[in-house]
Amino acid sequence: RGVYVCLAGPSFETPADLRFLRLCGADAVGMSTVPEVTVARHSNLRVLGISGISNKANLDGDTPTTHEEVLAAGQKIVPKLSTLIKGVLRQL
């Protein structure tokens, strides 16, 4: 469990953004899920949101997150997410 904050993107958060969001109670930041859930709920659909965290907050600013790192992390979590989603679908 945690607090998921949605930002418009499509850019990575600055260290200052991340410090502010942490102070506000954010545990994870993303650019999707929230808009998609909002549309689904307006259509009276039930929603199960699953997010894969693809990079750790870079609060020091010395080593900026790269798009390549995020893509590589996404590929690493695909097998676990696939297993999870298949398990949820079997239960439906």
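Above this text you will find the structure in question.
Residues numbered from 1 in each chain as written. Predicted model: local features only at pLDDT ≥ 70, side-chain atom pairs only at ≥ 80, totals over all residues. Heavy atoms only, no water.

## Focus: the layout of surface pockets
Here comes step 1: Its volume calculated, the largest pocket comes out at about 950 Å³.
Here comes step 2: Lining of the largest pocket is provided by 36 residues; of these, A28, V29, G30, I53 and N55 occupy positions nearest its centre.
Here comes step 3: At 5 residues, helix 3 (residues 67-91) tops the list of elements feeding residues into the lining of the largest pocket. (1 Å grid on protein atoms, 1.4 Å probe; cavity = no way out; pocket = protein on both sides within 12 Å on 5 of 7 lines; lining within 4 Å. Points joined across faces, edges and corners; volume = space filled by probe spheres on them. Helix = DSSP H or I, 4+ residues; strand = E, 2+ residues; numbered from the N terminus.)

## A closer look at the pattern of salt bridges
Here comes step 1: One pass over the structure, following the stated rule, counts 1 salt bridge.
Here comes step 2: A salt bridge links R22 to D27, with the nearest nitrogen and oxygen atoms 3.4 Å apart.
Here comes step 3: Residue classification places D27 among the partly exposed residues on the basis of a relative accessible area of 46%. (Salt bridge = Lys/Arg side-chain N within 4 Å of Asp/Glu carboxyl O. Buried < 20%, exposed > 50% of the residue type's maximum accessible area, 1.4 Å probe, protein only.)

## Some details on the side chain of E13
Here comes step 1: Inspection of the secondary structure assignment puts E13 in the loop between strand 1 (4-6) and helix 1 (15-23).
Here comes step 2: No salt bridge is formed by the buried E13; the nearest opposite charge belongs to R22, separated by 12 Å.
Here comes step 3: Among all residues touching E13, those that are not within four sequence positions of it are L7, L18 and V29. (Lys, Arg positive; Asp, Glu negative; His and termini not counted. Contact = heavy atoms within 4.5 Å.)

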